[in-house]
Amino acid sequence: MTRVRTVLGDVRPADLGVCDAHDHLFLRSPRLPGQELDDVPAARAELAAFRAAGGAAVVQWTPYGMGRRAADLPALSRATGVGIVCATGLHQAVHYDAGVLARLRGGRLAGLFVSELTEGIGTSGVRAGLIKVAGGFHGLDAHTRWTMAAAAEAHHATGAPVAVHLELGTAALDVLDLLCGELGVPGERVVLGHLNRFPDPVLHRQAAASGCWLAFDGPSRAHHATDWRMPEAVRALVEAGFGDRVLLGGDTVVAGARSVDGGPGMPYLLRRVRQRLAETVGAELVERILTEHPGRAFGADWS
């Protein structure tokens, strides 16, 4: 039976509600010094603001070793009434120190992912609901191939969806060739993130034809032209018959981007993006993208 695995337990996909399909409450990386998302009261306030804007669930894509604070997530979910889905997985090598990577390479990475999906993350008791991995800029290095092979193995063992950070939206087809072609993950079990950052309509159609999910997630931090091209990219997918493969998220990755710290944050998805997309593809489809699609993308027949 298909269920979405939240930090408070498994729920029916239809019960997820309005969902931010790609965001972060907590995140730490050596690449973002001094900009960590590591403040529990701020996370609670951000979730409350999202709830006040009409949000009901958030999928946190923060993977292993990047400050997920899994043990804090159940209390935050209960306090705010917002469902939270937590990730296992591994990001690009640049987000970890050499000692962490050496230890992981000395073990069985797929086993770690399976354990966090089925038994729990550390001693928190929180089970992850997706596997997050990452591609590179227009290519896949050895680290990426290692992590994706482990993600595929964990998917086959558990049924978990695999969500992929695409560096500036690139290498989508390379990722699909590896995950779905070589490693046998069904396309509908793969979520490609950051397609808005590479608004090539031909590539989007080619990726969607695999059956995968295409996530358009968050404004850029540098006011890129990709921001204002995003609605047209979604419309092109809809007109090509792929409107049922689209997800939306906020992707808040630094403290200054939270709404409670003056940034767009999670509420921006519902305050601004929803209305802007409704002007382009219609309010009915946007509501399905926010409510029905995340449950289908992140629901699994858990093994």
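Scroll up to find the structure this text is about.
Residues numbered from 1 in each chain as written. Predicted model: local features only at pLDDT ≥ 70, side-chain atom pairs only at ≥ 80, totals over all residues. Heavy atoms only, no water.

**Focus on the overall build of the protein chain**
Point 1. In terms of helices and strands, the protein chain carries 10 helices and 12 strands.
Point 2. For 303 residues, the compact-globule estimate of 2.2 N^0.38 gives 19 Å, and the protein chain sits close to it at 17 Å.
Point 3. Principal-axis analysis of the C-alpha atoms gives the protein chain an extent of 50 × 40 × 40 Å.
Point 4. Sequence-distant contacts in the protein chain: of pairs separated by 6 or more residues, those separated by 24 or more amount to 76%.
Point 5. Put simply, the protein chain has 30 plus and 32 minus side-chain charges, and the middle of one group is 3 Å from the middle of the other. (Helix = DSSP H or I, 4+ residues; strand = E, 2+ residues; numbered from the N terminus. Rg over C-alpha atoms; globule rule 2.2 N^0.38 Å. Contact = heavy atoms within 4.5 Å. Lys, Arg positive; Asp, Glu negative; His and termini not counted. Charge placed at Lys NZ, Arg CZ, Asp CG, Glu CD.)

**Observations concerning the packing of helix H8 (residues 225–239) against helix H9 (residues 267–281)**
Point 1. The interhelical angle for the contact between H8 and H9, taken along N-to-C directions, is 45°, at an axis separation of 9 Å. Relative to H9, the element H8 is oriented oblique. The two elements H8 and H9 cross, and the hand of that crossing is right-handed. Where H8 abuts H9, its residues Met 230, Pro 231, Glu 232, Val 234, Arg 235 and Val 238 lie against Val 273, Arg 276, Leu 277, Thr 280 and Val 281.
Point 2. A per-class count over the contact of H8 with H9 returns seven nonpolar, one polar and three charged. (Axes fitted to C-alpha atoms, helices over the stretch in contact; angles between N-to-C directions. Parallel < 35°, antiparallel > 145°, perpendicular 65-115°, else oblique. Left-handed = near helix turned anticlockwise from the far one by under 90°. Nonpolar A, V, L, I, M, F, W, Y, C, P; charged D, E, K, R; others polar.)

**Re the sheet that holds strand S3 (residues 19–23)**
Point 1. In spatial order, the strands read S3-S4-S5; together these three strands make up an open sheet with parallel pairing. Edge positions in the sheet fall to S3 and strand S5 (83–85), since each has one partner strand and no second. Mean inter-strand twist for the sheet, computed between neighbouring axes without regard to direction, equals 20°.
Point 2. With three bridges joining them, S3 and strand S4 (residues 57–60) adopt parallel strand pairing. Bridged to Asp 23 within S4 is Gln 60. (Pairing = 2+ DSSP bridges.)

**Focus: the pattern of salt bridges**
Point 1. Tallied over the full model, the rule gives 14 salt bridges.
Point 2. Among the salt bridges present, the one from Arg 69 reaches Asp 72, with a minimum N-O distance of 2.7 Å.
Point 3. On the basis of relative accessibility, which here comes to 31%, the residue Arg 69 falls in the partly exposed class.
Point 4. You can call Asp 72 partly exposed: its relative accessible area is 25%.
Point 5. Close ionic contact of Arg 197 with Asp 251 constitutes a salt bridge, the shortest N to O distance being 2.9 Å. Note that Arg 197 is positioned in the loop between strand S9 (190–193) and helix H7 (201–208) and Asp 251 in the loop between strand S11 (246–249) and H9, a separation of 54 residues in sequence.
Point 6. Linked by salt bridges that have partners in common, Arg 28, Asp 38, Arg 69 and Asp 72 make up one network. (Salt bridge = Lys/Arg side-chain N within 4 Å of Asp/Glu carboxyl O. Buried < 20%, exposed > 50% of the residue type's maximum accessible area, 1.4 Å probe, protein only.)

These figures capture arrangement, not role.
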